[in-house]
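Chain by chain, the residues run as shown.
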Amino acid sequence: MTESNMATEMQRIVLARHIIGVPTPADFQLETLPIPALDDGQLLIANRFISCDPGTRSRLSPGASYAPPLKAGAMVDGFAVGEVLDSRHPRFAAGDLVMGTGWATHMVSGGRGYLSKIPDLGVPLSLWNGILGVPGMTAWFGLKRVANMQPGERVLVTSAAGPVGATAGQLAKLWGAAKVVGIAGGTEKCRWLVDECGFDDALDYKAADFDARFAEASADGWDVLFDNVGNASVDRALPVMRMKGRIVISGQVADYNLTPQDAPGIHHTREFIGKRLRMEGLVVFDDLPQFPAAQAELAALILAGSVKYREEIFDGLASLPAAFCGLFTGQSFGRRLIRL
Ligand SMILES: NC(=O)c1ccc[n+]([C@@H]2O[C@H](COP(=O)([O-])OP(=O)(O)OC[C@H]3O[C@@H](n4cnc5c(N)ncnc54)[C@H](OP(=O)(O)O)[C@@H]3O)[C@@H](O)[C@H]2O)c1
């Protein structure tokens, strides 16, 4: 009997209540429900790896979001990779591997949006919800399109040991940056960035000597700041940006748990004038049509050992809320994935 014949029920995680402050597992609820029958044009996916993404947090409170907030009781629509179990959609067939969404064991999809088939590039499936998925593409297009990084430039990356930051720093080195420095929490993360990922240096922002080390590393300034952390992080770098520097606003992990009113202010905006700085945010899905070419190039770099990544795998949907909450306490070290 196939999995599609056997499965009649699915599980999903819904937002139990809107979140104030740092998320806790009690903010989420596991539900069991029947798998609906497929209509024409629909397909049934069994998710295999669901990810924990800090940006999901921005949709879990009303009013603190750049995307429409999720309603309490609604399924959390994080990213996933899975296998098509059954299809009444002309472009998908049972057995296809796909990139999709949903904090759920199964998803019924109409085949639109982010859903796409995964090509066979000889890499593990989990990577398609990691370095070859949203975080890797954020690093790629943030650096290439938004920052327009040039060989010889000096690049500073924050939350550098995360999936986005570590990929951005490694790509910067491969694309000819003169110096790449990461900021991360703790000696283990900093050591990994230098020893494994080839960053020129990594600064532990939790260490007592951080301010001195940041000043020393910034003596010649930065052409690109790839920021994953938020307002305080941007404000710290503004005075040490170089002429015509670019600041990529990738994410705000330090600020997602705050309302915009409570987030730290950015005070050094005067730097934009004299240094002709540019600051620009990105939503990686703007680059969706260019994903396949970037994914093929990045997969080749991974297979050649030129780009490294880390994963933290948890088993079972019930482990997802706690794994997600650990993103905001510094517990995570690499792409957090839930294996089903
Ligand atoms: N714009 C887009 O289209 C797009 C797409 C995907 C992701 N993103 C953004 O990219 C950023 C990075 O994503 P990711 O998946 O690689 O996650 P990540 O950076 O690994 O996020 C988790 C890490 O953030 C750090 N962190 C947590 N709280 C912090 C705080 N208060 N101050 C400083 N650091 C803190 C911790 O590392 P430390 O131990 O080093 O502190 C933690 O392990 C996120 O902000 C995400 O929203 C943007």
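Residues numbered from 1 in each chain as written. Predicted model: local features only at pLDDT ≥ 70, side-chain atom pairs only at ≥ 80, totals over all residues. Heavy atoms only, no water.

Trainee: So what about the pattern of salt bridges? Which residues, and what values?
Mentor: Scanning all chains against the criterion turns up 16 salt bridges. Of the charged contacts in the structure, one is a salt bridge between R17 and D27, with a shortest N-O distance of 2.7 Å. Separated by ten residues along the polypeptide, R17 in the loop between β1 (9-15) and β2 (28-34) and D27 in the loop between β1 and β2 bring together distant segments of the chain. The shortest N-O distance in the salt bridge between D201 and R213 comes to 2.9 Å. Taken together, the residues span a long stretch of sequence, with D201 in strand β10 (residues 201-204) and R213 in helix α5 (residues 210-217) at a distance of twelve residues. Judged by its relative accessible area of 23%, D201 falls in the partly exposed class. (Salt bridge = Lys/Arg side-chain N within 4 Å of Asp/Glu carboxyl O. Helix = DSSP H or I, 4+ residues; strand = E, 2+ residues; numbered from the N terminus. Buried < 20%, exposed > 50% of the residue type's maximum accessible area, 1.4 Å probe, protein only.)

Trainee: Break down the packing of aromatic side chains for me, citing the residues and quoting the values.
Mentor: For any pair of aromatic rings, the description consists of the separation of the ring centres together with the inter-plane angle of the planes. If you walk through the whole model with that rule in mind, you get eleven aromatic pairs. Taken together, a centroid distance of 5.8 Å and an interplanar angle of 85° make the contact between F28 and F324 edge-to-face. Here F28, found in strand β2, pairs with F324, found in helix α9 (residues 320-325); they are 296 residues apart in sequence, far enough to count as distant. Classification of F28 by relative accessible area gives buried; the value is 7%. Ring geometry for Y114 versus F285: centroids 5.4 Å apart, planes at 70°, classification edge-to-face. Highlighted residues: Y114 in the loop between β6 (106-109) and β7 (116-117) and F285 in the loop between β13 (278-281) and α8 (291-303), separated in sequence by 171 residues. On the basis of relative accessibility, which here comes to 12%, the residue Y114 falls in the buried class. Judged by relative accessible area, F285 falls into the partly exposed class, the value being 30%. Three or more aromatic residues joined by ring pairs form one cluster here, namely F28, W103, F324 and F328. Here the guanidinium or amino end of K117 rests over the ring plane of F92, the centre of that ring lying 6.0 Å away. In this structure, R310 is placed above the aromatic ring of F333, and the distance from its NZ or CZ to the ring centre is 3.7 Å. (Phe/Tyr/Trp six-rings, centres within 6.5 Å; stacked < 30°, edge-to-face > 60°. Lys NZ or Arg CZ within 6 Å of the ring centre and 35° of its normal.)

Trainee: Could you give me a rundown of the packing of helix α2 (residues 134-146) against helix α3 (residues 163-174), with the residues and numbers involved?
Mentor: Between α2 and α3, the least distance of the axes is 8 Å, while the angle of their chain directions is 45°. By the angle between their axes, α2 is oblique relative to α3. For the crossing formed where α2 meets α3, the hand is right-handed. Residues P135, G136, T138, A139, W140 and L143 of α2 pack against P163, V164, T167, A168, L171 and A172 of α3. (Axes fitted to C-alpha atoms, helices over the stretch in contact; angles between N-to-C directions. Parallel < 35°, antiparallel > 145°, perpendicular 65-115°, else oblique. Left-handed = near helix turned anticlockwise from the far one by under 90°. Contact = heavy atoms within 4.5 Å.)

Trainee: So, the site of the ligand: which residues are in play, and what are the values?
Mentor: If you check the shell around the ligand, you find 27 residues, and the closest are S159, K189, Y205, Y256 and L282. G185 is positioned with one of its backbone polar atoms (N or O) 2.8 Å from an oxygen atom of the ligand. One of the side-chain nitrogen or oxygen atoms of S332 is found 2.7 Å away from an oxygen atom of the ligand. Contact with the protein chains covers 89% of the free accessible surface of the ligand, which is 910 Å². Taken together, the elements giving at least two residues each to the shell around the ligand come down to α2 and α3. Looking at the shell around the ligand, its residues break down into 15 nonpolar, eleven polar and one charged. Mapped onto the domain boundaries, the shell around the ligand takes at least three residues apiece from domain 1 (3-130 + 310-339) and domain 2 (134-285). (Near = heavy atom within 4 Å. Polar contact = N/O pair within 3.5 Å; in protein donor to acceptor, adjacent residues only side chain to side chain. Areas by Shrake-Rupley, 256 points an atom, 1.4 Å probe, with all protein chains shown as cover. Nonpolar A, V, L, I, M, F, W, Y, C, P; charged D, E, K, R; others polar. Domains from an automatic or database assignment.)

Trainee: Account for the domain arrangement of the chain, naming residues and giving values.
Mentor: Here the chain is partitioned into domain 1 (3-130 + 310-339) and domain 2 (134-285). The gap between the C-alpha centroids of domain 1 and domain 2 is 28 Å. Listed by partner, the interface residues are 21 residues for domain 1 and 15 residues for domain 2. Note on domain 1 versus domain 2: buried area summed over both sides is about 1,500 Å², and carbon and sulfur give 65% of it. Here domain 1 is connected to domain 2 by zero salt bridges. The interface formed by domain 1 and domain 2 includes four residue pairs in polar contact (both at pLDDT 80 or more). (Buried area = accessible area lost by both parts, 1.4 Å probe.)

Trainee: So what's going on with helix α4 (residues 187-195)? Which residues, and what values?
Mentor: Among the residues making up α4, those that are buried are K189, C190, W192 and L193. Taken down its axis, α4 places every buried residue within 160° of arc, on the same side. Away from the buried face of α4 by more than 90 degrees, exposed residues T187, E188 and D195 are located. Among the structural elements, α3, β9 (179-184) and β10 are those in contact with the buried residues of α4. (Arc of directions from axis to C-beta.)

Trainee: I'd love a proper account of the pairing of strand β8 (residues 154-158), names of residues and values included.
Mentor: Counting buried residues along β8, five of its five residues qualify, which places the element largely inside the surrounding structure. The two faces of β8 match: R154, L156 and T158 on one face and V155 and V157 on the other face are all buried. Pairing between β8 and β9: five bridges, direction parallel. Each residue of the ladder has a partner; that of R154, found in β9, is K179. A crossover links β8 with its parallel partner β9, the connecting element being α3, and its sense is right-handed. Here β8 runs beside strand β11 (residues 222-227); their pairing, made up of three bridges, is parallel. Residue pairing for β11: L156 is matched across the bridge by L225. (Pairing = 2+ DSSP bridges. Right-handed = clockwise from strand over helix to strand, strands pointing away.)

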